[in-house]
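Given next are the chains, with one letter for each unit.
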Amino acid sequence: MSGSAVHGQHRMACIFFPLWPIQRLVVAEPQLRQRRLVLHHQDSRRGQLVYAASPMALQCGISPGMPLTEARSLARSGRQPDLTFRQADPDLDHQQLRELAVTLHQFSPLIGLEQTDIPSALLLSFKGLSRLFHGESGWIEAVQKWLKAHGYHARIALANSIGAAIALARFSDITSAPQFGNQVFDSLPVSALRIEPTTCDTLLALGISAIGQLRLLPRASLASRFGSQLAKRLDQLDGTAAETICSVKPPDNFSASMPLEYPVTDRQVLCELVQCLVSRTASMLALRGQGALRWEIVLTRLEAPHISIEVCLFSPNIEEAHLRQLIEMHLDQVRIGDAEKYPITSISVKAAEYVRVADRQLELFESEDDTVESACVSMLVNRLAVRLGAAQVVRPRVLADPQPERSVKFLPLTGTRVPKRSQRRTSPTAIPRSLERPLRLLNRHVAIHVELDVAEKPCAAGISGERHCIALAVGPERIESGWWRAPIVRRDYWRVETSDARRLWIFRDLKSGKWFLHGVF
Amino acid sequence: MLPDHGYGRGTLVEFVSSQAGDLSLWLSLHLVAQAMKQHAGCVVLVDPARELFAPALVSIGIPAERTILVHAPTKEKNGRGEVAWHEGYWAINQSLGCKGITAVWGVVPTVDNRWLRRFQLSAELGGAIGVFIRPSTVLNYPTWSDIQWQVFSDPKRDSHQDGWRCRLRLTRARTGTGQELELMVHSQNGELMPAVLAEGSRPALQLEEPLVSSPGTAAAAHRSASKRWWNVA
């Protein structure tokens, strides 16, 4: 976490989540959405108190700070029989808000939590984003849409300073404060200034309830009468005093590890633990809108070398069940050895390669069936790569090289990023005509003996000790490698058809004068 | 000649090769290319020996960007690398059962009949057309494939013909077996066409009777048969 001072020269945004502890729980457990939810916590002096309540529970008379026994008695009395009670977890609330901030980096490069004991709002810098989102309204719309899609309800406001943005988001329905003038804040209550409750009570007792009334008082006397915080907050609201966003930065690498108190010897247990770590890391990636293309799993053994497993994927869009199947297939192939003798003492999982998972839009004329089919193909490629090895499942790429052995490159389909559209352009390759090149190119040339006729054309060939008369010979086609490449290749290729109708691709090496069989049609 | 006048989805087709270079490789991959023209999915080419030549594949109409090439790992045996064929069969079986795959091609030299049964069930499930090259030794054994062609090299050549000829015999199909067909691959454009001999010689092509059931002229039947020949229904 690092601090970035903001002086109000550029627009700031605040995303306020009303009843954040309730929202966080409802997003995690959607079945609670229609329940009257009450969160409680332990107070050192007053015992169990109501910490927060859902809007439906609030309507039933439950209020924060109410003793839990009173809330339970309401439920028992039969007036509110369906109240659901849960233990509050402020630490988890804070952590979840941080994780949400990490996810929202897609909307702003600088994002942090509001600086209170129990934060329920995020602060974002809007600097330089106007063009990307077609103005402030476009940005607010995009953020609202994303939050709504993920089950959150938030109020968003943009203003010239952090304090102003927080005040608007929490206490006003205005989403965007004007660039000039502070009149919009005059009607807001003094509590919008984030001052101590005691100061707020004092102001209310003096009949000062709105910020506009406070502005009428001499600024110099505010500090002596109400403390320095009030004047500072007013300056922060106006943007004349600096305020810091403690930005939340996304993690640099996505990994998880688990030291095992009791060494594991059972393969099934091992698989469960690995899956658990992978799921945890995958959820970290998902929060940032990323998906893994390559997983590295390291199993540390007692008094034995560690075992490294690499799981490569065709695409980052992957179901958990499928990922589990791939990991099981990998672990089945790994020789763990004598599990009793060399038990596994720790497991670590790392997403070694990851890419952004875009919410893929259906293309023109593409049906949902096509999407299902492409997902099936992804899963097939993953399965093939796991069982046979990533290097065995490839896509051929034809290169503009005249030498046949060098005219193809095999690209592994899994564990690699899809090149950007601009990088996909390759030099134009001359596609040979059909029957110009053999469909089967031998991995190694086979030395043959060739007899020539008077026209210096092949008329017979001895292959594997058998003589074949050549009925038809088409050629020669001269193929030479560049002078810069050593050793230089100079060959004369012939397409021949033997008298017993074998179609072969043979060549004479011009350096040695020897003949070779190179391909079969 | 063929059931449904073409190759339906989920069909297994075998080309039984008599010898290397007899055009069975070309014919089988040409069928894959035709299937790809009609369906948008990918093709899986299971090539354990790593000998398929990609420029030639592209030239007959199998685009590289829609091709998934599967090589089988080699295992050291007696100091030599041996291809793990069973891994190739597993890959064929998995690919046949996958929706989104248009065709699966593979060399299946010797295989347990249970594998072929699995291929058949997977192809019915996934809808891909399976195209296999098999050695002539399999002719003596039963097969689960829907259609089996035996490919003969035809050494006869006419001086005016510019192409490579081959003869096919249908050795397994629902509609009957034993019928033969002579084809020629044009060397200039790579088109597959019925072989036509010089004027006055006996026509080697016998398409009309086995392929066309409805009445019509021989020429029309000839044309329609050549169009339908590689049609993937």
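Residues numbered from 1 in each chain as written. Chains lettered and ligands numbered in written order. Predicted model: local features only at pLDDT ≥ 70, side-chain atom pairs only at ≥ 80, totals over all residues. Heavy atoms only, no water.

Draft legend 1. Main features of the pattern of salt bridges. Residue and element names in this part refer to chain A. As enumerated under the stated definition, the model contains 23 salt bridges over all chains in all. Glu-310 is paired through a salt bridge with Arg-294; the nearest N and O atoms lie 2.9 Å apart. Of the two residues, Glu-310 sits in strand β12 (residues 304–312) while Arg-294 sits in strand β11 (residues 290–301), which places them 16 residues apart along the sequence. For Arg-294, a relative accessible area of 18% gives the class buried. (Salt bridge = Lys/Arg side-chain N within 4 Å of Asp/Glu carboxyl O. Helix = DSSP H or I, 4+ residues; strand = E, 2+ residues; numbered from the N terminus. Buried < 20%, exposed > 50% of the residue type's maximum accessible area, 1.4 Å probe, protein only.)

Draft legend 2. Seen up close, the pairing of strand β2 (residues 12–16) of chain A. All names here are of chain A. Counting buried residues along β2, 5 of its 5 residues qualify, which places the element largely inside the surrounding structure. Taking every second residue as pointing to the same face, both faces of β2 are buried, with Met-12, Cys-14 and Phe-16 on one and Ala-13 and Ile-15 on the other. As defined by bridge partners, β2 adjoins strand β7 (residues 121–125) across 5 bridges and the pair is classed as antiparallel. Looking across to β7, one finds that Cys-14 is bridged to Leu-123. Across 5 bridges, the pairing between β2 and strand β8 (residues 155–159) is antiparallel. Its bridge partner lying in β8, Phe-16 is registered against Arg-155. (Pairing = 2+ DSSP bridges.)

Draft legend 3. Molecular detail of the confidence of the model for chain B. Residues and elements named next belong to chain B. Per-residue pLDDT for chain B averages 74, and the proportion of residues at 70 or more is 72%. Averaged pLDDT values for the elements of chain B fall to 30 in helix α5 (residues 208–211) and rise to 92 in strand β3 (residues 67–70). Across residues 197–233, confidence stays below pLDDT 50; counting only partners more than four residues off in sequence or on other chains, it has 64 contacts. The ipTM assigned to the predicted complex is 0.78, against a pTM of 0.63. (pLDDT = per-residue confidence, 0-100. Contact = heavy atoms within 4.5 Å.)

Draft legend 4. Up close: the interface of chain A and chain B. In this assembly, 42 residues from chain A lie in contact with 52 residues from chain B. Between chain A and chain B, a total of about 4500 Å² is buried, with carbon and sulfur atoms accounting for 64% of that surface. Here chain A is connected to chain B by 12 residue pairs in polar contact (both at pLDDT 80 or more). For the side of chain A that touches chain B, the secondary-structure elements that each account for two or more residues are α13 (368–388), β14 (393–398), β15 (408–412) and β16 (440–452) of chain A. Among the elements that make up the side of chain A that touches chain B, the one with the highest residue count is α13(A) (9 residues). Here the residues of the side of chain A that touches chain B sort into 26 nonpolar, 5 polar and 11 charged. (Buried area = accessible area lost by both parts, 1.4 Å probe. Polar contact = N/O pair within 3.5 Å; in protein donor to acceptor, adjacent residues only side chain to side chain. Nonpolar A, V, L, I, M, F, W, Y, C, P; charged D, E, K, R; others polar.)

Draft legend 5. Up close: the sheet that holds strand β5 (residues 83–87) of chain A. Residues and elements named next belong to chain A. The 3 strands are arranged β4-β3-β5 in an open sheet whose pairing can be described as mixed. In this open sheet, the two strands that pair with only one neighbour each are β4 (47–53) and β5. Put simply, the sheet's adjacent strands are angled 35° from each other on average, direction ignored. Two strands pair when backbone bridges link them, and strand β3 (residues 36–43) and β5 are joined in this way by 5 bridges, in the parallel orientation. Note on β5: the bridge partner recorded for Leu-37 is Thr-84. Across the sheet, helix α1 (residues 20–28) is in contact with β3, β4 and β5; its angle to β3 comes to roughly 120°. (Axes fitted to C-alpha atoms, helices over the stretch in contact; angles between N-to-C directions.)

Draft legend 6. Up close: the packing of aromatic side chains. Evaluation of the coordinates by the stated rule reveals 13 aromatic pairs over all chains. Here the aromatic rings of A:Phe254 and A:Tyr354 are separated by 5.0 Å at their centres, their planes lie at 85°, and the arrangement is edge-to-face. In this pair, A:Phe254 is assigned in the loop between β9 (243–247) and β10 (255–264) and A:Tyr354 in strand β13 (residues 344–356), connecting sequence segments 100 residues apart. With a centroid separation of 6.1 Å and 40° between ring planes, the pair formed by B:Trp115 and B:Phe119 is classed as tilted. Here B:Trp115 pairs with B:Phe119, and both are found in helix α4 (residues 113–126), just 4 residues apart, close to one helical turn. Note on B:Phe119: relative accessible area 0%, which makes it buried. Grouping aromatic residues by their ring pairs yields a cluster made of A:Tyr493, A:Trp505, A:Phe507 and A:Phe516. (Phe/Tyr/Trp six-rings, centres within 6.5 Å; stacked < 30°, edge-to-face > 60°.)

Draft legend 7. Seen up close, unusual backbone geometry. The backbone of A:Arg194 shows a phi angle near 60°, a positive value even though the residue is not glycine. One non-glycine residue, B:Leu23, adopts positive backbone phi at about 75°. Tracing the backbone shows B:Leu23 in the loop between β1 (12–17) and α1 (24–38).

Draft legend 8. Fine view of the confidence of the model for chain A. Residue and element names in this part refer to chain A. Overall, the predicted model of chain A reaches an average pLDDT of 82, with 88% of residues at or above 70. Within chain A, the lowest mean pLDDT, 51, falls on strand β1 (residues 2–6), and the highest, 92, falls on β2. In the predicted structure, residues 359–366 sits below a pLDDT of 50 and forms 8 contacts with residues beyond four places in sequence or in another chain.

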